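Chain by chain, the residues:
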Amino acid sequence: MGKPYSVCLVGHSGAGKTALAEAMLKAAQAPEVAFDRSPEEKNRGITIDLAIGVCTWKERKAAILVTPGLGEFVEEIYKGLDVADIAVLVVNAEKPVEVVTEQAWEIARQVFRRPAVVFVNMMDKPLAEAEKALEELKSALPGKFVPLYFPVRENTTLKGLVDLLDSQGLPPAAQEWRSALLEEVAAYDDALLEKFLAEEEIGREEVLQALRMGVQSLEIIPVIFGSATAGIGIGELLDWTSALAPELNPEGDTKLRCFNLTLDPYLGRLTYVRVLSGEIKEGDTLYELSTKNKVQLRDIYGFFGTKMEKTGKAEAGEIVALGKLEDIPLGATLSTNPEAEPLPSIPFPKPVFIRAVAPKSQADEEKMSTVLREFVSTKATLTYARDPVTKEGIVSGMGDIHLNVLAEKLKNRYGVEVTYRIPKVPYRETIKKTAIASYRHKKQTGGHGQFGEVHLRIEPLPRGAGFEFVDETKGGVIPQEFIPGVEKGVRDAMEEGFLAGFPMVDIKAAVFYGMYHEVDSSELSFRIAARQAFKLAAEKADPVLLEPIMLLTVTTPEAFTGDIISDLNGRRGRILGMESEGGRTKIRAEVPLAEILSYALDLKSMTQGRATFQMEFLRYDYVPAALQERVLAQLRAAANGG
């Protein structure tokens, strides 16, 4: 029996990836075939999470990985392709190249460099035309697309496929396709090229050998036409993925790649791994290579069709789920050798769509935080944290649909209902010039009173410098035991802010004089005095708002470049540079966060969903003076419920 291999189906929503995967499992007589089983998937009629099914085809075990076709669930494409030996780009014959077709193709070829086959599905649809579909693939996607079969249609009915590797009895149109196929593959075998030029008979095995070389060099992409629902082309696809998938080299230490994490309602947290070398069995001790932590394998679940059952072991090439492993991060490498080199991390995109999240019922606040943290620990493109400045719970994902599905999962699985809103911008405050102020805190009560006098100088520091406190007093005007109280008072005032209640940063505060009372002074007295002195100084030090500036990288088809640049300029953006390659432009720009809180939706609308972007925090910078008063007025109105 040949080594197990894995196939990842990618493509735009509606291309029929799930139907194709089910047809492949049924053709291989898998015991259970049921993808898209979650309530959210059933409700929406789409794949949301990476789905896995395993079958045996002609004595070789094949794992079929099915990925979503909506761009917001792109994380699942990365997971599937990371452990795939070969990618299958599934396209709809009536409209072959759509948004996620391009996106998935780029990830498969540029990011993971996977050999690939194209399956042109739905060839039994009324508007399906093989020649037209092939031309669209060639014009829209990089690569040499070469059909292996000629589809035979009568009216709108797909009758079958003619094998182009068989030279006997081909109709004229199929003969043209065969010649094109031979011309492409002959470039990988000198003997075959000579035969082709001499118009000699070329055997099937000769073509197969050269074709395999072309596919594994990532230059040739075989194309198979068919229909998942009619069951045509399914066996051919299984044959070719098996023949063209590169063989693993399972030598050396046992090594596993953790490529997916889920929370199963019955089995708990499951860690999905592919065994890259060696073998595993329950009870084995491995190491998580990034931390060197020991990991003991307890429950090993194999796939039989789409059903999981305990198998207790797995060999190189297999995909299995491990139960009762709590702390293995997504993308981790496990090995029997603690000194082995971990695999590079999976290059997931970062989440770009930010919303404040709150439970519908305040009673669910703690539960919401707990289940959100647990859930996002299984995902790379979902994050949850409490903003230290605005105190809001912030959830980040890839778009509105992504976060809506998250809300559905929280409700369906944990009974927690949440609402989203545009988050507050985590502004900060600072000063632009040096100022001096003093404050005497004096309070007489029945017993001991309170007394402390503080003279402060505050001055601006460079962006990102934080806070610096200096004691410049001399002669014991403030006893040393009260100096910590002065610093605490300054910190209190900075945390409260001066303009709009945001923390103040990048300030140096120096206490240079003061007075105390032998009986009535205390650390608290000086803390109160310092707090008030700081406020008085801040008022004279030209206080200003700081806003977060993000580095935005937009990748777009060239046709939308002008619109995007114009839009970014309107968002107070500053274009840093542009690069063009392969019909796409990469635009880098600095943009204030306040201007791009809904950029994921706006960019999708502007480019029909064909552009993507990433953003990361760059620095804090001054809110322009002309804008500051308007922002402050809005913040005050919001604080007063306006």
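Here the structure is a predicted model, which is why all the values come from computation and not from measurement.

Definitions and limits used
- Residues numbered from 1 in each chain as written.
- Predicted model: local features only at pLDDT ≥ 70, side-chain atom pairs only at ≥ 80, totals over all residues.
- Heavy atoms only, no water.
- Helix = DSSP H or I, 4+ residues; strand = E, 2+ residues; numbered from the N terminus.
- Buried < 20%, exposed > 50% of the residue type's maximum accessible area, 1.4 Å probe, protein only.
- Areas by Shrake-Rupley, 256 points an atom, 1.4 Å probe, with all protein chains shown as cover.
- Lys, Arg positive; Asp, Glu negative; His and termini not counted.
- Charge placed at Lys NZ, Arg CZ, Asp CG, Glu CD.
- Pairing = 2+ DSSP bridges.
- Salt bridge = Lys/Arg side-chain N within 4 Å of Asp/Glu carboxyl O.
- Core = buried A, V, L, I, M, F, W, Y, C linked by side-chain atoms within 4.5 Å.
- Axes fitted to C-alpha atoms, helices over the stretch in contact; angles between N-to-C directions.
- Contact = heavy atoms within 4.5 Å.
- Expected span 1.5 Å × (residues − 1).
- Phe/Tyr/Trp six-rings, centres within 6.5 Å; stacked < 30°, edge-to-face > 60°.
- Lys NZ or Arg CZ within 6 Å of the ring centre and 35° of its normal.
- Polar contact = N/O pair within 3.5 Å; in protein donor to acceptor, adjacent residues only side chain to side chain.
- Parallel < 35°, antiparallel > 145°, perpendicular 65-115°, else oblique.
- Left-handed = near helix turned anticlockwise from the far one by under 90°.
- Disulfide = S-S within 2.5 Å.
- Nonpolar A, V, L, I, M, F, W, Y, C, P; charged D, E, K, R; others polar.

Asker: How would you summarise the overall build of the chain if you had to cite specific residues and measurements?
Answerer: A tally of regular secondary structure across the chain gives 16 helices and 32 strands. A principal-axis box enclosing the C-alpha atoms of the chain has dimensions of 110 × 60 × 45 Å. By residue count, 54% of the 642 residues in the chain fall in the buried class. Accessible surface, the chain as shown: approximately 28,300 Å² in total, 49% of it carbon and sulfur. Distance between charge centroids for the chain: 6 Å, based on 76 positive and 92 negative side chains.

Asker: Please give an account of the pairing of strand S21 (residues 383–386) that cites residues and values.
Answerer: Across 4 bridges, the pairing between S21 and strand S22 (residues 393–397) is antiparallel. Paired with Tyr384 across the two strands is Val395, which belongs to S22. Hairpin connection from S21 to S22: 6 residues lie between these consecutive antiparallel strands, with Lys391 at a positive phi of about 65 degrees.

Asker: Could you give an account of the pattern of salt bridges, with specific residues and numbers?
Answerer: Under the counting rule described, the total for this entry stands at 43 salt bridges. Put simply, Arg274 and Asp85 hold a salt bridge, and the shortest N to O gap is 2.8 Å. Placement of the pair is Arg274 in strand S11 (residues 268–277) and Asp85 in the loop between helix H3 (74–82) and strand S4 (86–92), with a sequence separation of 189 residues. The burial state of Arg274 is the same as that of Asp85; both residues are buried.

Asker: I'd love a proper account of unusual backbone geometry, names of residues and values included.
Answerer: In most cases, non-glycine residues show a negative phi, while peptide bonds are predominantly trans. The phi torsion at Glu199 lies on the positive side, around 55 degrees, for a residue other than glycine. The residue Glu199 is located in the loop between helix H7 (190–197) and helix H8 (204–216) in this model. The backbone of Gln608 sits at a positive phi, close to 55 degrees, despite the residue not being glycine. With respect to the helices, strands and loops of the structure, Gln608 is situated in the loop between helix H15 (599–607) and strand S32 (612–622).

Asker: Mind laying out the nonpolar core, listing which residues take part and the relevant values?
Answerer: Of all hydrophobic cores here, the largest spans 103 residues; its most connected members are Leu9, Leu20, Leu81, Val118, Val120, Phe145 and Trp240. When residues in this core are grouped by element, the largest group, 6 residues, is from S4. Counting 52 residues, the second-largest nonpolar core is a separate cluster that includes Leu263, Ile354, Leu499 and Ile596.

Asker: Break down the sheet that holds strand S28 (residues 507–515) for me, citing the residues and quoting the values.
Answerer: Across the sheet, 4 strands lie side by side as S25-S26-S28-S27; this open sheet has mixed pairing. At either margin of the open sheet sits one strand with a lone partner, and together these are strand S25 (435–443) and strand S27 (467–471). Geometrically, the sheet is characterised by an average inter-axis angle of 25 degrees between neighbouring strands, direction not taken into account. Packing against the sheet, helix H12 (residues 483–496) makes contact with strand S26 (450–460), S27 and S28, and its axis sits at approximately 150 degrees to S27.

Asker: Outline helix H4 (residues 99–111), listing residues and values.
Answerer: With 13 residues, H4 extends 17 Å between its outermost C-alpha atoms, agreeing within 8% with the 18 Å of an ideal straight helix rising 1.5 Å per residue. Buried residues dominate H4, accounting for 10 of its 13 residues.

Asker: Before we move on, could you go through the packing of aromatic side chains and cite the residues and values that matter?
Answerer: Think of a pair of aromatic rings as described by two things: how far the centres are apart, and how the planes are tilted against each other in angle. Scanning the model with the defined rule gives 10 aromatic pairs in all. Here Tyr427 and Phe502 contribute two aromatic rings whose centre-to-centre distance is 5.6 Å and whose plane-to-plane angle is 70 degrees, an arrangement assigned as edge-to-face. Linking Tyr427 in the loop between strand S23 (418–421) and strand S24 (428–431) with Phe502 in the loop between H12 and S28, this pair joins segments that are 75 residues apart in sequence. For the pair Tyr427 and Phe502, a shared accessibility class is recorded, and that class is buried. Aromatic ring contacts, followed pair by pair, group Tyr78, Phe112 and Phe348 into a single cluster. The aromatic ring of Tyr622 is capped on one face by Lys432, whose charged end is 4.6 Å from the ring centroid.

Asker: Explain the sheet that holds strand S5 (residues 116–121) to me, using residue names and the numbers behind them.
Answerer: An order of S2-S3-S1-S4-S5-S9-S6 is seen for the 7 strands of this open sheet, with the pairing classed as mixed. Two strands lie at the open edges of the sheet, namely strand S2 (51–57) and strand S6 (144–147), each paired on one side alone. Here the strands of the sheet are splayed against their neighbours by 25 degrees on average, with no regard to which way each runs. Its contacts with the sheet place H3 against strand S1 (2–10), strand S3 (60–66) and S4, and it is angled at close to 160 degrees to S1.

Asker: Tell me what's going on with H3, and back it up with residues and numbers.
Answerer: A large share of H3 lies buried, amounting to 9 of its 9 residues. For H3, every residue scored as buried is listed here: Val74, Glu75, Glu76, Ile77, Tyr78, Lys79, Gly80, Leu81 and Asp82. Buried residues along H3 sit against S1, S3, S4, H4 and strand S10 (255–264).

Asker: Please provide a residue-by-residue account of the environment of Thr430, values included.
Answerer: For Thr430, the position within the fold is in strand S24. Put simply, Thr430 and Arg463 are 33 residues apart on the chain and 9.4 Å apart in space, counted from C-alpha to C-alpha. When sequence neighbours within four positions are dropped, the list of residues in contact with Thr430 reads Arg463, Met504, Val505, Asp506, Ile507, Asp542, Pro543, Val544, Leu546 and Tyr622. At 2.8 Å, the side chain of Thr430 forms a polar contact with the backbone oxygen of Val505.

Asker: Which residues make up the packing of helix H6 (residues 172–185) against H8, and what are the values?
Answerer: Look at H6 against H8: their axes get within 9 Å of each other, and the N-to-C directions meet at 60 degrees. When the axes of H6 and H8 are compared, the pair comes out oblique. Considering the relative orientation of H6 and H8, their crossing is left-handed. Between H6, through Leu181, Leu182 and Val185, and H8, the contact on the second element is made entirely by Val207, Ala210 and Leu211.

Asker: I'd like a description of the state of the cysteines, backed by residues and values.
Answerer: Enumeration over the complete set of coordinates arrives at 0 disulfides. Residue Cys55 stays outside any disulfide, its sulfur separated by 15 Å from that of Cys8, the closest cysteine. Among the cysteines around Cys258, which has no disulfide bond, Cys8 carries the closest sulfur, lying 16 Å off. Residue Cys258 is classed as buried on the basis of its relative accessible area, which comes to 0%.

Asker: Got a sec to walk through the packing of helix H14 (residues 561–570) against H15? Specific residues and values, please.
Answerer: Their axes nearest at 10 Å, the elements H14 and H15 cross at an angle of 145 degrees. By crossing handedness, the relation of H14 to H15 is classed as right-handed. Residues Asp563, Ile564, Asp567 and Leu568 of H14 form the contact with H15, whose participating residues are Tyr599, Leu603, Met606 and Thr607. When the residues that make up the contact of H14 with H15 are grouped by side-chain class, the tally is 5 nonpolar, 1 polar and 2 charged.

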